[in-house]
Amino acid sequence: MKQEFPEGEINAISGRSLVITGDDIDTDRIIPARFLKCVSFSALGEQVFADDRKELKGNHPFDLEQHQGSNILVVNDNFGCGSSREHAPQALMRWGIRLIIGESFAEIFFGNCLALGIPCMTSSKQEITKLQYLVNENSNQIWDFNLKELSISNQKESFKLNLEGGAYKMLYTGRWDATSQLLDEEEKINNTVKNLPYLNNFK
Amino acid sequence: MSSRTLYDKVWNLHQVKELPGGSTQLFVGLHLIHEVTSPQAFSALNEKNLEVKFPHLTVATVDHIVPTLNQQRPFSDPLAEEMLATLEKNCTTHGIKFHGIGSNSQGVVHVMAPELGLTQPGMTVACGDSHTSTHGAFGAIAFGIGTSQVRDVLASQSLAMKKLKVRRIWVDGSLQKGVYAKDLILHIIRLLGVKGGVGFAYEFAGPAIEELSMEGRMTICNMAIEGGARCGYINPDETTFEYLQGKEYSPKGQEWDNAIHWWKSLASDSEAKFDDEIQLDGSSIEPTVTWGITPGQGISIKERIPNPEKLPKNEQQIAKDACKYMNLEADQPIEGTSIDVCFIGSCTNGRLSDLQEASKIVKGRKVSSGIRAFVVPGSQKVAKEAKQKGIDKIFLNAGFEWREPGCSMCLAMNPDKLEGRQISASSSNRNFKGRQGSANGRTLLMSPAMVAAAAINGKVTDVRKLIQ
């Protein structure tokens with residue numbers, strides 16, 4: 001089945017959620033280095049969290065029957081630290097994740113997700129713990145994420161989320177894929193080049 | 001908000017434009033690529049029918065997947081061969097200079113670029129690798145990027161970036177004998193935590209930093225990212241200029257004089273403002289070793305493995321996980337921990353001075369029986385110079401293996417891997433679960449000299465006991 005990846009404005013995401021608990025979950029955990037031996041990202045979805053899943057022998061959240069088809073991931077602190085490998089958000093996206101909510105994210109991981117149209121929203125430790133509890137209590141419930149309202153809610157509860165202004169605007173306007181914007185400014189790029197001593201024989 | 005720091009000056013010079021979302025379009029002066037994070041970027045470029053805008057500002061090498069025993073082509077691993085062949089083809093198609101196997105200039109990207117003089121003060125440097133922060137040692141703004149951003153740099157030589165805050169980390173005093181740059185950075189990460197640097201660039205300054213060689217400075221900046229700081233830098237000074245003089249891509253003649261003049265003007269001003277400042281005493285730092293599963297879980301060689309119950313609340317869970325995963329007992333001394341494998345190499349500590357310092361410990365001694373110990377020079381140049389100095393022989397005579405250059409067991413994308421529950425003493429930069437190629441393998445990070453000491457004694461050792 002051909003997957004559809006994020007496109008255009010990312011204003012609302014609805015679906016079931018799943019939880020990965022633990023601080024400092026690094027990108028080596030999300031996608032071990034041996035799976036980086038590829039010239040295309042296409043196979044990464046099946047390999048996400050490969051070693052953790054193997055260790056838990058079918059009991060990892062990404063393997064449990066009730067979480068298949070979930071698209072919202074709720075994590076803890078400093079998620080995605082370590083390597084800059086975009087393979088990590090690619091693997092999550094190709095498994096089906098479209099939104100990540102956590103206490104905080106490593107910077108490069110956050111940027112890599114944004115470049116794929118996957119919002120990384122934050123909230124306090126207390127709120128995340130509560131959200132994780134509710135998600136685990138009933139994995140069937142549908143959660144509605146609303147970017148404009150910076151919130152995620154089920155039928156009873158609503159959680160306020162945070163996102164810095166730049167990323168918010170990029171997602172809201174659908175201009176999170178930066179390439180076209182960067183290419184718009186050919187003349188300004190050339191002007192910058194003219195002012196850099198090391199590209200002009202240090203004159 | 002910071003002002004008149006090196007970071008501010010270099011940032012301002014490279015600003016192309018403020019983007020509507022509030023980020024800045026930042027020009028990238030030097031773009032480094034390798035085989036792991038570039039193939040999908042080239043594919044995306046082709047799909048969008050885009051050209052590489054400034055091919056001469058991108059430089060390529062191959063490092064992550066290269067075997068270190070036999071580098072004959074084709075590689076015995078067909079996937080590794082495919083990645084290298086793809087990079088070669090992309091470089092040829094787009095007119096990008098490639099430093100390949102057999103070129104005499106191939107190596108770990110963060111080792112080979114500085115030693116060619118490609119990395120210079122005042123540049124912005126980007127590469128699809130988080131350890132790009134290494135290049136900040138020269139007074140450059142250097143940071144790791146993802147593959148979508150590699151595509152953006154190829155297409156536009158620029159990136160959409162948010163300006164970081166600047167924290168100055170001032171280190172007083174002098175490092176003791178037997179204490180190296182690696183110990184200092186492990187100590188800093190321990191103090192500030194693995195996410196302490198998120199949102200910051202780290203300026204490393206002060207007497208203990210100024211005293212370091214360029215190679216030591218690269219070790220420090222290399223691991224800024226392990227403290228959460230995407231970018232770390234050191235103001236350029238005479239040590240920087242001396243290192244750069246005569247390098248292949250360094251300016252020459254009149255240009256050299258002009259360059260020095262400009263480079264000197266880039267250092268943070270004495271009136272510079274920082275968003276945050278931290279001061280510590282370098283002379284009190286001891287050889288430092290990680291015991292856990294994040295680079296922030298380091299302790300001095302004289303300390304005991306912490307008892308998770310006695311740690312601050314927010315560190316308890318990960319400390320418990322670490323004790324369980326590492327199979328190390330709380331309250332036991334780290335010194336004397338038995339090890340199986342010793343690895344000297346990586347973009348953190350695979351440079352000539354690293355091998356030299358380690359060889360001093362090894363000289364005239366033998367690797368403890370049952371220990372597998374190997375040295376992987378960071379580049380072909382490092383390997384050649386080490387051989388000229390007879391360093392390879394010192395290691396070989398002691399029972400180490402001497403390999404060909406590459407990233408090797410830092411992340412084990414090549415055949416060099418831990419097996420099963422093996423525990424390594426490693427001069428690399430990450431002790432994450434499964435990092436060194438075995439899903440339950442274990443890693444203790446330390447300086448190359450400490451790795452050498454561990455190899456000789458078969459257990460974690462205070463290197464100072466082996467220094468005459």
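Residues numbered from 1 in each chain as written. Chains lettered and ligands numbered in written order. Predicted model: local features only at pLDDT ≥ 70, side-chain atom pairs only at ≥ 80, totals over all residues.

Some points on the overall build of chain A
What chain A contains, in helices and strands, is 8 helices and 8 strands. Projected onto its principal axes, the C-alpha coordinates of chain A cover approximately 65 × 40 × 35 Å. Per-residue burial for chain A yields a buried fraction of 47% across its 203 residues. Sequence separation of at least 24 residues holds for 72% of the intrachain contacts in chain A that already meet a minimum separation of 6. (Helix = DSSP H or I, 4+ residues; strand = E, 2+ residues; numbered from the N terminus. Buried ≥ 20, exposed ≤ 12 C-beta atoms within 10 Å, placed from the backbone. Contact = placed C-beta atoms within 7 Å.)

A look at the domain arrangement of chain B
All names here are of chain B. In terms of domains, chain B is made up of domain 1 (11-160), domain 2 (165-284) and domain 3 (291-466). Its C-alpha centre places domain 1 at a distance of 23 Å from the equivalent point of domain 2. Elements supplying a minimum of two residues to the side of domain 1 that touches domain 2: helix H4 (109-115) and strand S7 (141-144). Top contributing element to the side of domain 1 that touches domain 2 by residue count: S7, with 4 residues. Looking at the side of domain 1 that touches domain 2 residue by residue, the classes come out as 10 nonpolar, 11 polar and no charged. (Domains from an automatic or database assignment. Nonpolar A, V, L, I, M, F, W, Y, C, P; charged D, E, K, R; others polar.)

Describing the environment of Ile371(B)
All names here are of chain B. Inspection of the secondary structure assignment puts Ile 371 in the loop between helix H13 (352-362) and strand S16 (372-375). As for Ile 371 and Ile 145, which are separated by 226 residues in sequence, their C-alpha atoms are 37 Å apart. With residues up to four places along the chain from it excluded, the contact list for Ile 371 reads Ile 339, Asp 340, Cys 342, Ala 455 and Gly 458.

A few points about the interface of chain B and chain A
Each side of the interface is counted separately: chain B has 65 residues, and chain A has 52 residues. Sort the elements by how many residues they give to the side of chain B that touches chain A and helix H5 (residues 147-156) of chain B lands first, with 7 residues. Residue classes in the side of chain B that touches chain A are distributed as 26 nonpolar, 27 polar and 12 charged.

Side note on the nonpolar core
Across soluble globular proteins, nonpolar side chains have a tendency to be buried as a group. Residues and elements named next belong to chain B. In this structure, Cys 342, Val 451, Ala 452 and Ala 455 are the most contacted members of the largest nonpolar core, which totals 205 residues. Here this core gets 8 residues from one element, more than from any other, and that element is helix H16 (residues 448-457). In this structure, Ala 452 is in contact with Ile 344, Ala 358, Ile 361 and Val 362, ignoring residues within four places of it in sequence. (Core = buried A, V, L, I, M, F, W, Y, C linked by C-beta atoms within 7 Å.)

Describing the packing of H13(B) against helix H15 (residues 391-398) of chain B
A packed helix pair is summarised by two numbers, namely the angle formed by the two axes and the spacing between the axes. Residues and elements named next belong to chain B. Taken N-terminus to C-terminus, the directions of H13 and H15 make an angle of 40 degrees; their axes are 9 Å apart at the nearest point. Between H13 and H15, the interaxial angle falls into the category oblique. The interaxial crossing formed by H13 with H15 has left-handed handedness. Where H13 abuts H15, its residues Leu 355, Gln 356, Ser 359 and Val 362 lie against Ile 391, Ile 394, Phe 395 and Ala 398. Here the residues of the contact of H13 with H15 are counted per class, giving 6 nonpolar, 2 polar and no charged. (Axes fitted to C-alpha atoms, helices over the stretch in contact; angles between N-to-C directions. Parallel < 35°, antiparallel > 145°, perpendicular 65-115°, else oblique. Left-handed = near helix turned anticlockwise from the far one by under 90°.)

What about the environment of Pro333(B)?
Within the secondary structure, Pro333(B) is located in the loop between helix H11 (313-326) and strand S15 (341-344). Counting along the chain gives 135 residues from Pro333(B) to Val198(B), while the straight-line C-alpha distance between them is 31 Å.

With respect to the sheet that holds strand S17 (residues 401-402) of chain B
Residue and element names in this part refer to chain B. Within the open sheet, the 5 strands sit side by side as S17-S16-S15-S18-S19. Their pairing is parallel. The open sheet terminates on both sides in strands that have one partner only, identified here as S17 and strand S19 (442-445). Of the strand pairs in this sheet, strand S18 (residues 423-426) and S19 are connected by 4 bridges, and their pairing is parallel. What sits directly across from Ile 423, in S19, is Arg 442. (Pairing = 2+ DSSP bridges.)

Observations regarding unusual backbone geometry
Geometrically, the link from Arg73(B) to Pro74(B) is a cis peptide bond, its omega value of -10 degrees lying close to zero. Residue position: Pro74(B) is located in the loop between strand S4 (58-61) and helix H3 (78-94). Phi is positive for Lys57(A), which is not a glycine, with a value near 45 degrees. Summarising the element assignment, Lys57(A) is placed in the loop between helix H2 (50-55) and strand S3 (72-74). Positioned with a positive phi, Asn201(A) is a non-glycine residue whose angle comes to about 55 degrees. Among the structural elements, Asn201(A) can be located in the segment after helix H8 (186-194). Classification of Asn201(A) by C-beta neighbours within 10 Å gives exposed; the count is 11.

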